[in-house]
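Listed here are the chains, written in short residue letters.
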Amino acid sequence: MRGKDLCSELIGVSSFTDYFYFLVTGAMPDANQSFFTDAVLVAIAEHGLVPSIQAARMTYDAAPDALQGAVAAGILGCGSVVLGSSESAGRFLDALVEDARKTGRSFEKTADAKLAEMRAAKQALPGYGHPKHSSGDPRAHRLLSLADERKASSDAIRMLRVVEQRIPAIYGRPLPINVSGAIPAVMLDVGFPVNALKGLPILARTAGLIGHLREEAESQIGFIMSHHTAEAIAYEGPASKLHGGS
């Protein structure tokens, strides 16, 4: 495996987190790389009954003989709104840092220019804002605090914070950093490749999905969710002529 013997150098020697990092990058992680890969996987493995979890549970109820199909149904829900937003935020931050380096402009001026551009185009800011945590996502606070404590903060985290500071002046309201912004900032600063960022939530959520499906096998709620959906959503199409509609 990338030059290491599986049985003598990896099994019983490497943790799964370190092995994942090694498989993705080709190098065994240092202490901070290992620590933060583990931390972000824990941070996003579970997220309640979000759409991907509901899809997985209902798929499992329809095909309990195919656990892999239910897991796949959940992972296919990894998009720009849920799970995949950490990749979008990572690419956003990486491009800003690279632009500042190339142009020699300050992080503040670089952020201002990009925010004004996105504001004019009515584009959402990946990695900022949370419907429930107006004072900031506690998971983001924790990850960023750990990065500071372990002296792992560098340009990506700095840019993440600069953007948060500049948002109110350009967007007219504050948008706090959420976990999808903290995860890529932390991981980019410890050297994780930007083009593999989406792999982190996919791997983490796979563990969460398996937990949900184990629970679904013992206490089904998939069909209950389906039933309540049918009751809660009103039909808005044309009325049936058979029942007196026009």
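It should be noted that the structure appears before, not after, this text.
Residues numbered from 1 in each chain as written. Predicted model: local features only at pLDDT ≥ 70, side-chain atom pairs only at ≥ 80, totals over all residues. Heavy atoms only, no water.

Quick word on the environment of Ser86
Piece 1. With respect to the helices and strands, the residue Ser86 is situated in helix α6 (residues 85–103).
Piece 2. Looking at Ser86, the relative accessible area reads 4%, which means it is buried.
Piece 3. Note: C-alpha distance between Ser86 and Gly127 (41 residues apart in sequence) is 6.8 Å.
Piece 4. Setting aside residues up to four positions removed in sequence, Ser86 forms contacts with Ser180, Pro184, Leu197 and Pro201. (Helix = DSSP H or I, 4+ residues; strand = E, 2+ residues; numbered from the N terminus. Buried < 20%, exposed > 50% of the residue type's maximum accessible area, 1.4 Å probe, protein only. Contact = heavy atoms within 4.5 Å.)

What about helix α3 (residues 31–44)?
Piece 1. The end-to-end C-alpha separation of α3 is 21 Å, in line with the 20 Å expected for 14 residues at 1.5 Å each.
Piece 2. The buried count for α3 comes to 10 of 14 residues, which makes it a mostly enclosed element.
Piece 3. Along α3, the positions that sit buried rather than exposed are Asn32, Gln33, Ser34, Phe36, Thr37, Ala39, Val40, Leu41, Ala43 and Ile44.
Piece 4. Looking at the buried positions of α3, the neighbouring elements they touch are α2 (16–25), α8 (138–149), α10 (179–189) and α11 (199–218).
Piece 5. The residue sitting at the N-terminus of α3 and contributing the capping side-chain oxygen is Asp30; that oxygen lies 3.1 Å from the backbone nitrogen of Asn32. (Expected span 1.5 Å × (residues − 1). Polar contact = N/O pair within 3.5 Å; in protein donor to acceptor, adjacent residues only side chain to side chain.)

Brief notes about the pattern of salt bridges
Piece 1. Counting across every chain of the model gives 12 salt bridges.
Piece 2. In this structure, Glu215 and Arg57 form a salt bridge, with 2.3 Å as the shortest nitrogen-oxygen distance. Taken as a pair, Glu215 in helix α11 and Arg57 in helix α4 (residues 51–62) lie far apart in primary sequence, 158 residues in all.
Piece 3. Exposure remark for Glu215: the relative accessible area of 44% places this residue in the partly exposed category.
Piece 4. Its salt-bridge partner being Lys198, residue Glu87 comes within 3.5 Å of it at the nearest N-O pair. With Glu87 in helix α6 and Lys198 in the loop between α10 and α11, this residue pair connects regions lying 111 residues apart in the sequence.
Piece 5. A residue is classified by how much of its surface remains accessible, and Glu87, at 16% relative accessible area, is buried.
Piece 6. Residue classification places Lys198 among the partly exposed positions, given a relative accessible area of 27%.
Piece 7. Via salt bridges that share partners, Arg57, Glu215 and Glu216 belong to a single interconnected network. (Salt bridge = Lys/Arg side-chain N within 4 Å of Asp/Glu carboxyl O.)

Examining a nonpolar patch on the surface
Piece 1. Among the surface-exposed residues, Met1, Leu6, Ile11 and Leu23 lie close enough to one another that they form a single nonpolar patch of about 350 Å² accessible area.
Piece 2. Within the secondary structure layout, Leu6 lies in helix α1 (residues 6–10).
Piece 3. Residue class for Leu6 comes out partly exposed when judged on its relative accessible area of 32%. (Patch = residues over 30% accessible without salt bridge, like charges linked within 9 Å, V, L, I, M, F, W, Y side chains within 5 Å. Areas by Shrake-Rupley, 256 points an atom, 1.4 Å probe, with all protein chains shown as cover.)

Re the nonpolar core
Piece 1. In this structure, Leu125, Tyr128, Leu143, Met159, Val163, Met187 and Leu200 are the most contacted members of the largest nonpolar core, which totals 50 residues.
Piece 2. Put simply, the parts of the chain that give this core at least two residues each are α2, α3, α6, α7 (107–120), α8, α9 (155–171), α10 and α11.
Piece 3. With 8 residues, α9 is the single largest residue contributor to this core.
Piece 4. Every residue in contact with Met159, bar those within four places of it in the chain, is listed here: Leu93, Leu96, Val97, Ala100, Phe107, Thr110, Ala111 and Tyr128.
Piece 5. Ranked by size, the runner-up nonpolar core spans 9 residues in total, among them Val50, Ala70, Ile75 and Leu209. (Core = buried A, V, L, I, M, F, W, Y, C linked by side-chain atoms within 4.5 Å.)

Focus on the packing of α6 against α10
Piece 1. Remark: α6 packs on α10, axes separated minimally by 8 Å, with the N-to-C direction vectors making an angle of 55°. Considering their axes alone, α6 and α10 lie oblique with respect to each other. Seen from above, α6 lies across α10 with right-handed handedness. Contacts from Ser85, Ser86, Ala89, Gly90, Leu93 and Asp94 of α6 reach α10 at Ser180, Gly181, Pro184, Ala185 and Leu188. (Axes fitted to C-alpha atoms, helices over the stretch in contact; angles between N-to-C directions. Parallel < 35°, antiparallel > 145°, perpendicular 65-115°, else oblique. Left-handed = near helix turned anticlockwise from the far one by under 90°.)

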